[in-house]
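Chain residues, written in single-letter form:
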Amino acid sequence: LDEIYDGVEKNIRMVLPVRCDDCGGSCTAPDGERTPCPTCKGTGFISSDRFLGRTTQTCPICYGEGVIIKNPCKVCGGTGLTTKEKIIKVNIQRGVLNNQIVVLKGAAGETKEFDGVNGDLIIQIQELPHNELVREGDNLIITHKLPIIDAILGGDVEIQPLKGNRLKFKIPSNTPDGALFRIGGKGM
């Protein structure tokens, strides 16, 4: 809650897919080659006639790629991708809500296609409970216990909601148990 109150920049350590440095994403070793799949003839799909009509399915030999790789890259195993640990900076805006979604376009790793678009990294914010405060929308609620004599006679109260901001206000005399007081502009 302290971090959400002012906003914060977080570093997230992730292992993400990256294009293979050894083959450049081609999936083949230096002496390898890519040839059209003989089963699907390079389409990535096979069709068959059935009793109720024609069905199409992904080619079981090339897995929809349309090519067969002879002598695949030894580093990536012919996938065109490896993994790399990266640190991603995420800006959490002040006042974000619990379970709010933050989307970082193109931050979820690379694809092996050279014209492919990287995936988006989707982050869900989870607000941890605070020791003294409860958040209801943009309002912050703090429970303050005071001696009965202050509730009867009134007096000054000092609270410290967030970030060291100490607030003073007056309790009127004859304040009942459970009374609520609002201090404007001091919430989220």
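Check the entry above for the structure.
Below is a summary of the structure that appears in this document.

What counts, and where the lines are drawn
Residues numbered from 1 in each chain as written. Predicted model: local features only at pLDDT ≥ 70, side-chain atom pairs only at ≥ 80, totals over all residues. Heavy atoms only, no water. Salt bridge = Lys/Arg side-chain N within 4 Å of Asp/Glu carboxyl O. Helix = DSSP H or I, 4+ residues; strand = E, 2+ residues; numbered from the N terminus. Patch = residues over 30% accessible without salt bridge, like charges linked within 9 Å, V, L, I, M, F, W, Y side chains within 5 Å. Areas by Shrake-Rupley, 256 points an atom, 1.4 Å probe, with all protein chains shown as cover. 1 Å grid on protein atoms, 1.4 Å probe; cavity = no way out; pocket = protein on both sides within 12 Å on 5 of 7 lines; lining within 4 Å. Points joined across faces, edges and corners; volume = space filled by probe spheres on them. Core = buried A, V, L, I, M, F, W, Y, C linked by side-chain atoms within 4.5 Å. Buried < 20%, exposed > 50% of the residue type's maximum accessible area, 1.4 Å probe, protein only. Contact = heavy atoms within 4.5 Å. Pairing = 2+ DSSP bridges. Phe/Tyr/Trp six-rings, centres within 6.5 Å; stacked < 30°, edge-to-face > 60°.

### Some thoughts on the pattern of salt bridges
Opposite charge on two side chains permits pairing when their charged atoms draw close.
Piece 1. For the coordinates displayed, the defined rule picks out eight salt bridges.
Piece 2. Here E85 makes a salt bridge to R13, at a shortest N to O gap of 2.9 Å. Taken as a pair, E85 in strand β6 (residues 81–92) and R13 in strand β1 (residues 8–19) lie far apart in primary sequence, 72 residues in all.
Piece 3. The residue E127 makes a salt bridge to R135 at a minimum N-O spacing of 2.7 Å.
Piece 4. What emerges from the salt-bridge pattern is a single network uniting E158, R166 and K168.

### Re a nonpolar patch on the surface
Piece 1. A contiguous nonpolar patch, built from I148, I149, I152 and L153 and spanning about 430 Å² of accessible area, is present on the exposed surface.
Piece 2. If you trace the backbone, L153 turns up in helix α2 (residues 148–153).

### Some points on the layout of surface pockets
Piece 1. Here the largest pocket is characterised by a volume of approximately 940 Å³.
Piece 2. Along its surface, the largest pocket is lined by 33 residues, and I141, I142, A179, L180 and F181 are the ones closest to its centre.
Piece 3. Of all the secondary structure elements, the ones that give two or more residues to the lining of the largest pocket are β9 (133–136), β10 (139–142), α2, β11 (155–159) and β12 (167–171).
Piece 4. Ranked by residues supplied to the lining of the largest pocket, first place goes to β10 with four residues.
Piece 5. Considered as a void within the structure, the second largest pocket measures approximately 380 Å³ in volume.
Piece 6. Counting residues per element, the ones that place at least two in the lining of the second largest pocket are α1 (2–6), β1, β6 and β8 (121–124).

### Section: the nonpolar core
Piece 1. Counting residues in hydrophobic clusters, the biggest one holds 12 residues: I4, L16, I88, V90, I92, V96, V102, L104, A107, L121, I123 and I125.
Piece 2. Not counting residues up to four positions away in its chain, the partners in contact with L121 are M14, I88, V102, V103, L104, A107 and A108.

### Points about the side chain of T28
Piece 1. For T28, the location among the structural elements is in strand β2 (residues 28–36).
Piece 2. Residue classification places T28 among the buried positions, given a relative accessible area of 12%.
Piece 3. Not counting the four nearest positions on each side in its chain, T28 is found in contact with C23, E33, R34, I69, N71, P72 and C73.

### Points about the pairing of β10
Piece 1. Relative to β10, β9 is paired through four bridges, and the arrangement is antiparallel. Note on β10: the bridge partner recorded for R135 is L140.
Piece 2. Taken together, β9 and the strand that follows it, β10, pair antiparallel across an intervening segment of two residues, in which G137 is found at a positive phi of about 65 degrees.

### Points about the packing of aromatic side chains
Piece 1. Under the counting rule described, the total for this entry stands at one aromatic pair.
Piece 2. Relative to F181, the ring of F169 lies with its centre 6.1 Å away and its plane at 45 degrees, an arrangement referred to as tilted. Taken together, the positions of F169 in strand β12 and F181 in the segment after β12 put the pair 12 residues apart, joining distant regions of the chain.

### Observations regarding the environment of F45
Piece 1. Its location among the elements puts F45 in strand β3 (residues 45–50).
Piece 2. Look at F45 and you get partly exposed, because its relative accessible area is 46%.
Piece 3. Linking F45 and I61, residues 16 residues apart in sequence, is a C-alpha distance of 9.8 Å.

### Description of the side chain of T35
Piece 1. Within the element layout of this structure, T35 appears in strand β2.
Piece 2. On the basis of relative accessible area, T35 is assigned to the buried category, the value being 17%.
Piece 3. Setting aside its immediate chain neighbours within four residues, T35 contacts G66, V67, I68 and K70.

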